[in-house]
Amino acid sequence: MPNGSPPRIRFRDPQIEMSHGAGGKATRRLIDGLFAPLLLNGSGSHLSDAAILEIDGVRIALTTDGFVVTPLVFPGGSIGELAVNGTVNDLAVSGARASALLTTFVLEEGLPSAVLEAEVRAMAAAAQRIGVHFVGGDTKVVEHGKVDQLYITTTGVGRMIPGLSLSPHSVRPGDRVLVSGPIGDHGITILLARGELDLEADLRSDTRSVLPMVEALAAAVGPSIRWMRDPTRGGVATSLNELALDCGLAIHIAEELVPMRDEVRGACEILGLDPLHIANEGQFLVVVDRLAADAALVAFGTVPGGEMARIIGEVRETPASCVLVTTPYGGSRIVDMLVGDPLPRIC
Amino acid sequence: MCLAIPGLIVSLVPEFQRLAVVEVSGVRRRVDLGLLEDDMPGPGDWVLIHVGFAMSRISQHEAEEQMRLLRMLGEEGAAIEEIRGYDSAVQDV
Amino acid sequence: MRFVDEFRDPDVINHTIEEIQRLCEPGRHYRFMEVCGGHTHAIYRFGLKDLLPDNIELIHGPGCPVCVLPMGRIDDGLKLGERPDLIFTAFGDMMRVPGANGSPLEHKARGMDVRIVYSPSDALTLARRNPDRHVMFFAIGFETTAPSTALVLKRAKEEGIRNFSVFCNHVTIIPAIRAILDSPDMRLDAFIGPGHVSTVIGCRPYEWIARDEGKPIVISGFEPLDMLQSVVMILRQLREGRAEVENQYRRVVPWEGNRAALRAMSEVFALRPFFEWRGLGFISQSALCLRESYAAWDAEQLFQVAGVRVTDPKAAQCGEVLKGVLKPHQCKLFGRECTPERPVGALMVSSEGSCAAYYNYEHRKGLAAAGSAATSF
């Protein structure tokens, strides 16, 4: 872009809505159309989970993430755990091992200190499990009603794991797509925990650090790994669509191979939701050269919690830039990126 | 208008007899049985659920009968193919 | 999942498709209409079009209660939502449908108290829990859903809950089918009948379609094997020169319907003399309103409802697509001004609207060269 010419703002929505934060198309429109032109020197070329910087010849990864989940505590975890695992995972799927974390708190006046302490303990425990340290942060308190109890942002920095070279442009037809475990646990758990739908199930958020699995993969098949992503908001479908758009190829997924707990399937059938659009907090997708797929699966299996990893699809030439889901009996459908939040339907 | 799925009645809600706890693949929800009051189902029965109401009982007999008919299509089809094979063989002679 | 997975058995599906191929007369072009939006959704979700022979064309019918609702009704409902004491509740399906001043979700973003409910019972529960607010339920749906609304209204009356009302947009399926058959541009060979509506109304109401119009109609379930078996049954009728009502969905649909549901409906609802349907115009006796005995729970009687008539934007051809006269991509706005992200009409919003289905499945597939559907890895 020539110096001096003003950046073109393409974001025309008159107001911000929930869909802009849902991780799907509206979010992309906001980032591509407003943030990228003004803040990213117009690049915003492909969105990835972390930025890779080179400082004095050393490559480091840098990422940040905000956590605003309600309820604060849910089966399987809490906002504090998400805040640590989420940022460590963004670094991990970008090929980096988290070295240090910063955190900011925005607290609502009137928040019981016990609630805050519980979350800080959760963050400390999660960080210790992973072996990463907090090195600083910031705190703001706002008037009662201006924020919903507690918002946390974490920023992480990490060193690149040797042997990994990740780029959507390195993806080739024939490459295999793997997922680290069953999808949809987190999003459905949160939906049920909100209590508005009167549904009950034995489900827990899958929040965890995926770094051990990434390191096992890197050690086993590092040079064969093309791309990784953690499918948080927007689900597997959104992440794979981003890849398809970035590499211009087609991602073919076999529906029956995608691991999913019965309860997630049941909740999605009742509510008319597509499990591929539901958020995950402890899973990641990886694309590897087809010759390395079996070894990758073995590597997953060496890590506790990696036993449910599966090969779920492959990359092909056509239909270009699309994600195609096939049924066991020869039917297929295109799965798009999430548009707004997944909404239950009755029709 | 059409999203309705099969669920298993696991228990009745004690305070409201027309409410049942229904389970779909491990997910439970209270479902109103009021539309089936002429032939009230109970725990162990399968019902079709739509917007939190049971619309109909599911007949296991009819479901099995349907699958039987469909499976016969496959066998009929194979039989017809075999016969066609004989016919053409006869004509070749 | 029981009663679901069996009907997705790949081997049986393959055999059923072979039977369909055997029954199809070569050179004949079949046009079957699936009336119900749920079937439209199932066709795309299961990729059934990939499985059927090319000479079977599936025409999407008007059985999408979101799609047929004229914009004015949404605006009327949202106007009521502007009252500060009112909680606007509706199914998720309604949330992104555009009104003249935005969708319910957009109104929520501007401060209206809009909540998604899975069941009308949940709306009543909200009223019980919020005695100082008024909860209005924006009711949509065909006869599948109307009995549930009816029961909830009965409960509200029995319990004397006065801070609850229903804005009733329930419509009935038979007049819609009649309007389709009366349409001069419509050439159809048979109908795939609405399975879940039929759990309430039974199979008798369709007899005139076979007897007077000479078209086979098979009441179908929603799993892949249900729909494929229905196609087999239709093809057999056509081959044998029959035109009958048949019930493929026997495990769930009783021939006589659900008497308790019909009783509840007739106690609570009356037929409106006429109602405007998007695309089909005014149809007499095609929609439900609350009886006088339930006036205290009727949002239209409790509040001033403007009765706004809002026509669709001129360029949008929702009506013609709804009738099946135009295919979605033939509408001038399709894929350009009107996309699932920025829908102009309800057919692009609703998960069973023809435009949304076509956009997501056909359009993008057609843009690139079609790849092979089967996977082997």
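Every value quoted in this text rests on a predicted model; they were computed, and no experiment measured them.

## Topic: the interface of chain C and chain B
Across the boundary between the two partners, chain C contributes 52 residues, which contact 41 residues of chain B. When chain C packs against chain B, close to 3,800 Å² is buried across both sides, 61% of that on carbon and sulfur atoms. At the junction of chain C and chain B, the tally comes to six salt bridges. A salt bridge links Arg250(C) to Glu62(B); its shortest N-O distance comes to 3.3 Å. Summed over the shared surface of chain C and chain B, the number is 15 residue pairs in polar contact (both at pLDDT 80 or more). The set of elements that each furnish at least two residues to the side of chain C that touches chain B consists of helix H1 (10-23), helix H6 (120-129), helix H7 (146-159), helix H9 (195-201), helix H11 (224-239) and helix H12 (259-268) of chain C. In terms of residue class, the side of chain C that touches chain B is built from 24 nonpolar, 14 polar and 14 charged.

## So, the interface of chain B and chain A
Contact with chain B, which involves 13 residues of that partner, is made by 17 residues of chain A. For the chain B and chain A pair, buried surface summed over both sides reaches about 1,300 Å², with 56% attributable to carbon and sulfur atoms. Summed over the three residues of chain B that lose the most area to chain A, namely Leu3(B), Val27(B) and Arg28(B), the buried surface amounts to 45% of that side. Between Asp198(A) and Arg30(B) there is a salt bridge; the shortest N-O distance is 3.5 Å. The dominant element in the side of chain B that touches chain A, judged by the number of residues it contributes, is strand S3 (residues 27-32) of chain B, at four residues. Of the residues that constitute the side of chain B that touches chain A, the class distribution is seven nonpolar, three polar and three charged. As defined by bridge partners, strand S9 (residues 199-201) of chain A adjoins S3(B) across three bridges and the pair is classed as antiparallel.

## Re the environment of Gly331(A)
Within the secondary structure, Gly331(A) is located in the loop between strand S14 (323-326) and strand S15 (332-334). According to the relative accessible area criterion, Gly331(A) is buried, its value standing at 0%. Taking the C-alpha atoms as reference, Gly331(A) lies 36 Å from Ser209(A); in sequence the two are 122 residues apart. Once you skip the residues sitting within four places of it in the chain, Gly331(A) turns out to touch Val325(A), Thr326(A), Phe46(C), Gly47(C), Asp50(C) and Leu51(C).

## Some words on the domain arrangement of chain A
Residue and element names in this part refer to chain A. For chain A, the assigned domains read domain 1 (48-160) and domain 2 (168-334). In this structure, domain 1 and domain 2 have C-alpha centres spaced 24 Å apart. Between domain 1 and domain 2, the residue contacts involve 24 residues of the former and 21 residues of the latter. Here domain 1 and domain 2 share an interface that buries about 1,800 Å² over both sides, 57% of which is from carbon and sulfur atoms. Between Arg97 and Glu215 there is a salt bridge, with its nearest N and O atoms 2.3 Å apart.

## Here's the deal with the nonpolar core
Most often, soluble globular proteins have nonpolar side chains that are buried together. Grouped together as the largest cluster of nonpolar side chains are 153 residues, with contacts concentrated most on Phe32(C), Ile56(C), Phe164(C), Tyr206(C) and Phe269(C). Take this core: its biggest share by element is nine residues, from H11(C). For Phe32(C), the contacting residues outside a window of four places in its chain are Ile56(C), Glu57(C), Leu58(C), Ile59(C), Asp189(C), Ala190(C), Val231(C), Ile234(C), Leu235(C) and Leu238(C). Ala61(A), Val69(A), Leu101(A) and Ile161(A) belong to the second-largest nonpolar core, a separate cluster that totals 51 residues.

## Here we look at the state of the cysteines
Residues and elements named next belong to chain C. Enumeration according to the criterion identifies one disulfide over all chains in this entry. Disulfide pairing is shown between Cys64 and Cys67; the S-S distance is 2.4 Å. The chirality of the disulfide connecting Cys64 with Cys67 is right-handed, given an S-S dihedral of about 70°. Since its relative accessible area comes to 3%, Cys64 is described here as buried. You can call Cys67 buried: its relative accessible area is 1%.

## A short note on the packing of helix H4 (residues 185-193) of chain A against helix H7 (residues 262-271) of chain A
Describing two packed helices takes the angle between their axes plus the distance from one axis to the other. Residue and element names in this part refer to chain A. Following both chains from N to C, one finds H4 and H7 inclined at 60°, their axes separated by 10 Å at the closest point. By the angle between their directions, the pair H4 and H7 is classed as oblique. For the pair H4 and H7, the sense of crossing is left-handed. Each of Asp185, Ile188 and Leu191 in H4 lies in contact with H7, whose residues at this interface are Val264, Ala267, Cys268 and Leu271. When its residues are assigned to classes, the contact of H4 with H7 shows six nonpolar, no polar and one charged.

## Points about the packing of H7(C) against H12(C)
All names here are of chain C. Where H7 contacts H12, the two axes come as close as 8 Å, and the packing angle between them is 60°. For the element pair H7 / H12, the angle class is oblique. Handedness of the H7/H12 crossing: left-handed. Along the contact surface, H7 presents Ala146, Pro147, Ala150, Leu151, Leu153 and Lys154, while H12 presents Ala261, Ala264, Met265, Glu267 and Val268. Looking at the contact of H7 with H12 residue by residue, the class counts come to nine nonpolar, no polar and two charged.

How each quantity is defined
- Each chain has its residues counted from 1, running along the sequence as written.
- All chains are assigned letters beginning at A, and all ligands numbers beginning at 1, according to the order in which they are written.
- Per-residue local features of the predicted model are confined to residues with pLDDT of at least 70, and side-chain atom pairs are confined, for both listing and counting, to 80 or more; whole-chain, interface and lining totals are unaffected and use all residues.
- Here the side-chain values reflect all heavy atoms present in the structure, with hydrogen atoms and water set aside.
- The criterion used for residue contact is that any of the two residues' heavy atoms lie within 4.5 Å.
- A quick way to say it: buried area is the sum, across both parts, of accessible area lost when two parts are put together, with a 1.4 Å probe.
- Whenever Lys or Arg places a side-chain nitrogen within 4 Å of a carboxyl oxygen from Asp or Glu, that contact is recorded as a salt bridge.
- Pairs of N or O atoms are called polar contacts if they sit within 3.5 Å, as long as, within protein, a hydrogen donor faces a hydrogen acceptor (for residues adjacent in sequence, only side-chain-to-side-chain pairs).
- Counting from the N terminus, the helices are DSSP H or I runs at least four residues long and the strands are E runs at least two residues long.
- Polar here means any residue other than Ala, Val, Leu, Ile, Met, Phe, Trp, Tyr, Cys and Pro, which are nonpolar, and Asp, Glu, Lys and Arg, which are charged; Gly is therefore polar.
- Think of it this way: DSSP has to see at least two bridges between two strands before they count as a pair.
- Exposed residues in this analysis have more than 50% of their type's maximum accessible area, buried residues have under 20%, and partly exposed residues fall in between, with area computed by a 1.4 Å probe over protein chains only.
- Residue ranges labeled as domains rest on an automatic or database domain assignment.
- Side-chain atoms within 4.5 Å link the members of a nonpolar core, which is a set of buried Ala, Val, Leu, Ile, Met, Phe, Trp, Tyr and Cys residues.
- Disulfides are defined as cysteine sulfur pairs within 2.5 Å.
- What counts as an axis is a line fitted to C-alpha atoms, over the stretch in contact for a helix, and the angles between N-to-C directions run from 0 to 180 degrees.
- The labels follow the angle: roughly parallel below 35 degrees, roughly antiparallel above 145, roughly perpendicular from 65 to 115, and oblique for the rest.
- Two helices that cross are described as forming a left-handed crossing if the nearer one is turned anticlockwise from the farther one by less than a right angle, and a right-handed crossing if clockwise.

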